[in-house]
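A look at the structure
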Amino acid sequence: MAKTLFEKVWQQHVVKANDDGSVLLYIDRQLVHEVTSPQAFEGLRIAGRKPWRSNASVATPDHNVPTTGLEHGITDAVARTQVEALDANCEEFGITEFKMGDIRQGIVHVVGPEQGLVLPGMTVVCGDSHTSTHGALAAIATGIGTSEVEHVLATQTLIQKKPKVMRINVDGDLPETITGKDVALYIIGQIGTAGGTGFAIEFAGSAIRALSMEGRMTLCNMTIEAGARFGMIAVDDVTLDYVKGRPSAPTGEIWTQAVAAWRELHSDADAIFDKEIHLKAADIVPQVTWGTSPEMVVPITGSTPSLMDAKDDVQHEGWSRAFAYMGLKENTPMAEIAIDKVFIGSCTNARIEDFRAAAAIAKGHKVASNVKLAMVVPGSGLVKAQAESEGLDVIFKEAGFEWREPGCSMCLAMNADRLEAKERCASTSNRNFEGRQGAGGRTHLVSPAMAAAAAIKGHFVDVRGWK
Amino acid sequence: MQAFTILNGLVVPLDRANVDTDAIIPKQFLKSIKRTGYGPFLFDEWRYEDVGQPEMDCTHRPIRKDFVLNQARYQGAKIMLARENFGCGSSREHAPWAILDYGISCVIAPSFADIFHNNCFKNGILPVILTDDEMDVLFTETIATEGYKITVDLESQTVTTPSGQRFTFEVDDFRKHCLLNGLDDIGVSLQASDNIRAYEKERKQSAPWLF
Ligand code: SF4
């Protein structure tokens, strides 16, 4: 019978079917970070359990790590305690950790694929909702809670019910300068933040095939913002080229064997989906969010909406609240909105391609005088080193951007990098919720090129035709 | 996980509806890296005059004398009565951790918020749902009688008062089985250890790059 990509990978991981329709699903890889793991390790200790397979888990601190002044260590006591707890737990339970100061350290979702720790067809979990990122490699990847982190450590399995599967096809050629981020925001704008609830989403179509691996990761990363816990893209040459030669990728005989298996990781031609959506690549213009939910998004050529156009009372209420929080009025052209800060980073957009795109815009320009801070935060130590070897750090610094150490940083403002109340930020992260980047802070989600352009102009601007 | 079979214990009445998880354990305690030690901070804002901070010594903090948990007659309570929608709000698992750490392993209410209800079972707490009328009987008798103890029997799914009045409650079979045997989800999954090993053995052959 014809199968979807999701079904193929799912079936390969069913250890046992339960009576209530759930299954015991085998987990190939668990990524671990400092915030959601301490109680899971403590749970193991209290119950006297050991990890089922400690080499299936890999850890790195990211959420809380400082991005400047590393020579002083972590000055925030809570953050320090969590990072030290991670070090001690990994030591005690024999789990490999890329510690602070290791060039391989960084945001879990950047580090996993970069190290070849995430491979096509794997099941991947992490105590973090943006684990959907790894679906770009045709993996079933999802975020889980702390109890489940412990469950996976102890059993290498998870009790799961199979979600429905939706395919979103983006057909045609993407216009130049349109990135994975614009595609992600456009899709969320079309289907809404609950559009994917209960589904695993497969992204397909010629526009998706044309995306780089980085762009695909950006897209799958934001699947969770469309309400779906899983996003996936079939294996093709782009996937294989990306994986080949990574430190933990197979080599020799086994590589050949793996590639043969991975070539099967696509939906069969006549596979049936629970839902299917078709979008046209040509319709996509650089996107900017205006409100406090990723679905409150418009093209840079557009304006904030008119309350009159709200489809019901709930949306009217949501928009009014968003306008008040964001300090914006109806029908304001996006290109007229001035900003205070710029953040280029996060597991959505802190990979080398993102920095190349931002640097191409920033090159030879200066950050506008009304912009108080423009920061670039690499997704990992290796991304940082790569960017520096290409001279991107110099371009950023000459333009007036700050070049930081790797971590989650101002994506969630758990460390010192944050917005003050009412500060407006062009951000390449994934969530524009109230208070996400600091209490009262106002976030606009954009692509790296759009963020860099906003930094230079001091307000949002269309990057198409940038000189 | 501690098994739950029959519990005979002192009852404390928390006569409030919609008690959210932020009231059960305020957000500053989420910074802790432990799952134990939350008992002294259970209902922190309602129990104390000052604002609690993780790891602080609670023995000399000024308490709010009128809050039920602070009344001498309810010290050592093992069962808590509550009103509808208990445990609503954020999904933090710290809420059941705090209740258990305090010494309560059964909460009886007319309804519970979903995630909290689920999290109770994962942590060895029995959430019992009774009707409003039955709740009224329990609240009235608890308040009227110092040292009021009831018996909660999971096997027979009953709550019995000192006068012999008996109420029955529903519980999902699988959850019941786990609690009776002290099996958390992990314990249950580990019963399939042989299946997991067999699966791994096969996969090592067919997909060696995964190991
Ligand atoms: S970068 Fe942001 S979204 Fe990604 S893992 Fe870190 S905090 Fe979560």
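As a starting point, this report considers the structure included with it. (Residues numbered from 1 in each chain as written. Chains lettered and ligands numbered in written order. Predicted model: local features only at pLDDT ≥ 70, side-chain atom pairs only at ≥ 80, totals over all residues. Heavy atoms only, no water.)

**Here we look at the packing of aromatic side chains**
Evaluation of the coordinates by the stated rule reveals 20 aromatic pairs over all chains. Through successive ring pairs, a cluster of aromatic residues spans Phe355(A), Phe396(A), Phe401(A) and Trp403(A). Its guanidinium or amino end placed over the ring of Tyr48(B), Arg61(B) lies 3.6 Å from that ring's centre, counting from NZ or CZ. (Phe/Tyr/Trp six-rings, centres within 6.5 Å; stacked < 30°, edge-to-face > 60°. Lys NZ or Arg CZ within 6 Å of the ring centre and 35° of its normal.)

**Quick look at a negative patch on the surface**
A grouping of Asp19(A), Asp20(A), Asp172(B) and Asp173(B) is seen on the molecular surface, where their side chains present a negatively charged patch. With respect to the element layout, Asp20(A) can be found in the loop between β1 (14-17) and β2 (23-26). (Patch = residues over 30% accessible without salt bridge, like charges linked within 9 Å, V, L, I, M, F, W, Y side chains within 5 Å. Areas by Shrake-Rupley, 256 points an atom, 1.4 Å probe, with all protein chains shown as cover. Salt bridge = Lys/Arg side-chain N within 4 Å of Asp/Glu carboxyl O. Lys, Arg positive; Asp, Glu negative; His and termini not counted. Charge placed at Lys NZ, Arg CZ, Asp CG, Glu CD. Helix = DSSP H or I, 4+ residues; strand = E, 2+ residues; numbered from the N terminus.)

**Quick notes on the sheet that holds strand β7 (residues 166-168) of chain B**
Residues and elements named next belong to chain B. The strand order across the open sheet formed by 7 strands is β4-β3-β2-β1-β5-β6-β7, and the pairing between neighbours is mixed. Here the strands that pair on one side only, and so sit at the sheet edges, are β4 (126-129) and β7. Strand-to-strand twist of the sheet, defined as the mean angle between neighbouring strand axes without regard to direction, takes the value 25°. Pairing of strand β1 (residues 6-13) with strand β5 (residues 149-153), which is carried by 5 bridges, proceeds in the antiparallel orientation. In the strand pairing of β5, glycine 9 is matched with isoleucine 150. (Pairing = 2+ DSSP bridges. Axes fitted to C-alpha atoms, helices over the stretch in contact; angles between N-to-C directions.)

**With respect to the packing of helix α12 (residues 352-362) of chain A against helix α15 (residues 448-457) of chain A**
Residue and element names in this part refer to chain A. Relative to each other, α12 and α15 sit at 30°, their axes nearing to 8 Å. One element, α12, and the other, α15, form an angle in the roughly parallel class. As α12 runs across α15, the sense of the crossing is right-handed. From α12, Asp354, Ala357, Ala358, Ile361 and Ala362 reach across to α15, where they touch Pro448, Ala449, Ala452, Ala453 and Ile456. Within the contact of α12 with α15, the residues separate by chemical class into 9 nonpolar, no polar and 1 charged. (Parallel < 35°, antiparallel > 145°, perpendicular 65-115°, else oblique. Left-handed = near helix turned anticlockwise from the far one by under 90°. Contact = heavy atoms within 4.5 Å. Nonpolar A, V, L, I, M, F, W, Y, C, P; charged D, E, K, R; others polar.)

**Side note on helix α14 (residues 392-399) of chain A**
All names here are of chain A. Of all the residues in α14, the buried ones are Leu392, Asp393, Ile395, Phe396 and Ala399. What you see down the axis of α14 is that its buried residues fit within an arc of 160°, all on one side. Lining the buried residues of α14 we find α12, β16 (373-376), α13 (381-389) and β17 (402-403). In the stretch just after α14, glycine 400 is the one whose phi turns positive, near 100°. (Buried < 20%, exposed > 50% of the residue type's maximum accessible area, 1.4 Å probe, protein only. Arc of directions from axis to C-beta.)

**Some remarks on the state of the cysteines**
All names here are of chain A. With the rule as written, the count across this model stands at 0 disulfides over all chains. For cysteine 90, which is in no disulfide, the shortest distance to another cysteine sulfur is to cysteine 126 and amounts to 12 Å. With relative accessibility at 3%, the residue cysteine 90 sits in the buried group. (Disulfide = S-S within 2.5 Å.)

**Remarks on helix α10 (residues 252-262) of chain A**
Residue pairs three or four apart in sequence face the same way in an α-helix, which turns once every 3.6 residues. All names here are of chain A. Every buried residue belonging to α10 is among Trp255, Ala258, Val259 and Trp262, and all of these are buried. What you see down the axis of α10 is that its buried residues fit within an arc of 100°, all on one side. Considering only its buried residues, α10 is in contact with α9 (237-243).

**Thoughts on the environment of Ile108(B)**
Tracing the chain through its elements places Ile108(B) in strand β3 (residues 106-109). In this structure, Ile108(B) is in contact with Ile79(B), Met80(B), Leu81(B), Ala82(B), Val128(B), Leu130(B), Met135(B), Leu138(B), Ile150(B), Val152(B) and Val159(B), ignoring residues within four places of it in sequence.

**Digging into the side chain of Arg35(B)**
Along the polypeptide, Arg35(B) turns up in the loop between α1 (21-24) and α2 (44-47). A relative accessible area of 12% places Arg35(B) in the buried class. Within the structure, Arg35(B) has its side chain in polar contact with the backbone oxygen of Gln39(A) (distance 2.8 Å). Other than its neighbours up to four places away in sequence, Arg35(B) contacts Gln39(A), Ala40(A), Glu42(A), Gly43(A), Ile46(A), Glu150(A), Trp97(B) and Asn123(B). (Polar contact = N/O pair within 3.5 Å; in protein donor to acceptor, adjacent residues only side chain to side chain.)

**Points about the site of the ligand**
Around the ligand, the neighbouring residues are His63(A), Ile107(A), His109(A), Asp128(A), His130(A), Ser346(A), Cys347(A), Cys408(A), Cys411(A), Leu412(A), Asn430(A) and Arg436(A). Grouping the amino acids of the shell around the ligand by side-chain chemistry returns 5 nonpolar, 5 polar and 2 charged. (Near = heavy atom within 4 Å.)

**Describing unusual backbone geometry**
Comment: phi is negative for the bulk of residues other than glycine, and the bulk of peptide bonds are trans. Residues and elements named next belong to chain A. The phi dihedral of glutamine 156 falls on the positive side, at around 65°, and the residue is not glycine. The buried category is assigned to glutamine 156, whose relative accessible area is 1%. Positive phi values are uncommon outside glycine, yet threonine 177 reaches one of about 70°. For threonine 177, the location among the structural elements is in the loop between β9 (164-171) and α6 (180-191).

**Section: the side chain of Lys176(B)**
Residues and elements named next belong to chain B. Looking at the element boundaries, lysine 176 is found in helix α6 (residues 173-180). The charged side chain of lysine 176 is buried without a salt bridge, its nearest counter-charge being glutamate 155 at 4.4 Å. Those residues in contact with lysine 176, other than ones at most four positions away along the chain, are Leu154, Glu155, Gln157 and Val171.

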